[in-house]
Amino acid sequence: MIVRRLVVGPFSENSYVVGDSASGEGALVDPGGQVPELLALAQREKLRIGKILITHAHWDHVFGVAEAKRLTGAETVLPAGERSMLEHLAEQSEAFGLPVPEQPEIDRWVAEGDIVDVGGLSFRVLLVPGHSPGHGAYVSGLDALSGDTLMAGSVGRTDLPGGNYDIFVNSITRKILKLPAATRVHPGHGPSTTVGEEAETNPFVLEMLATGGR
Ligand SMILES: [Zn+2]
């Protein structure tokens, strides 16, 4: 599986190009901006972008979605629980004093366990709320595009509107950490890591486990 990262925007958000070289089919994950650069990256990997997978509807993860859809005609995919977050993009922008993004159109609202095919790859939707109300991760084999959940040495924040720490702890300990230890985690911010590495060394995760995953 091809996974390429481009760090974009004022919050250093990770946008990804994923795909498989056998089929030449690819997807953008959380295109938060710099869309022409993302598409050039896809082109270098000889991937045709047919899907746009979105983990959650925070400003930094969706800023480039409408533009990417316009340029590629790709199908946009977002967990259904993120609908209200997406509808409040203007308020999110105002809160941070940022430009209001073009409102993205969502073609497919997904739920827990749904499968999204990208060429020969099958991504399973894992709902991992807490950072945002309907946050999802997309898991294919030993790769997880995990958004703002488990990060290298860190975790997503839960103090933004719609965040909930107890729900977040449950998502980390009972969902993400249940993936095989060798699973490569490609987060929304910072470098990639593995489930096993974070389960052993991440102080936020260790704290969650020590308090019984509340
Ligand atoms: Zn976020």
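To be clear, the structure that these remarks concern was listed above.
Each value, and the rule that gives it
- Residues numbered from 1 in each chain as written.
- Predicted model: local features only at pLDDT ≥ 70, side-chain atom pairs only at ≥ 80, totals over all residues.
- Heavy atoms only, no water.
- Helix = DSSP H or I, 4+ residues; strand = E, 2+ residues; numbered from the N terminus.
- Rg over C-alpha atoms; globule rule 2.2 N^0.38 Å.
- Buried < 20%, exposed > 50% of the residue type's maximum accessible area, 1.4 Å probe, protein only.
- Contact = heavy atoms within 4.5 Å.
- Lys, Arg positive; Asp, Glu negative; His and termini not counted.
- Charge placed at Lys NZ, Arg CZ, Asp CG, Glu CD.
- 1 Å grid on protein atoms, 1.4 Å probe; cavity = no way out; pocket = protein on both sides within 12 Å on 5 of 7 lines; lining within 4 Å.
- Points joined across faces, edges and corners; volume = space filled by probe spheres on them.
- Nonpolar A, V, L, I, M, F, W, Y, C, P; charged D, E, K, R; others polar.

Visitor: I'm lost on the overall build of the protein in this one. Help?
Guide: Along the backbone of the protein there are eight helices and 14 strands. Since a compact globule built from 214 residues should have a radius of gyration of about 17 Å, the 16 Å found for the protein is in line with a globular shape. Along the first, second and third principal axes, the C-alpha atoms of the protein reach 45 × 40 × 30 Å. Sorting the 214 residues of the protein into buried and exposed places 52% on the buried side. Long-range contacts, defined here as pairs at least 24 residues apart, represent 61% of the contacts in the protein between residues at least 6 apart. Separation between the mean location of the 17 positive side-chain charges and that of the 27 negative ones in the protein comes to 5 Å.

Visitor: Is there a simple way to think about the layout of surface pockets in this case?
Guide: Take a probe with the size of a water molecule and roll it over the atoms, and the empty space left behind shows itself. Space inside the largest pocket adds up to approximately 420 Å³. The wall of the largest pocket is formed by 21 residues, among which H58, D60, F96, H131 and L160 lie closest to the centre. Within the residue set of the lining of the largest pocket, elements represented by two or more residues are α2 (59–62), α4 (83–87) and α5 (89–96). Take the lining of the largest pocket: its biggest share by element is four residues, from α5. When the residues that make up the lining of the largest pocket are grouped by side-chain class, the tally is ten nonpolar, seven polar and four charged.

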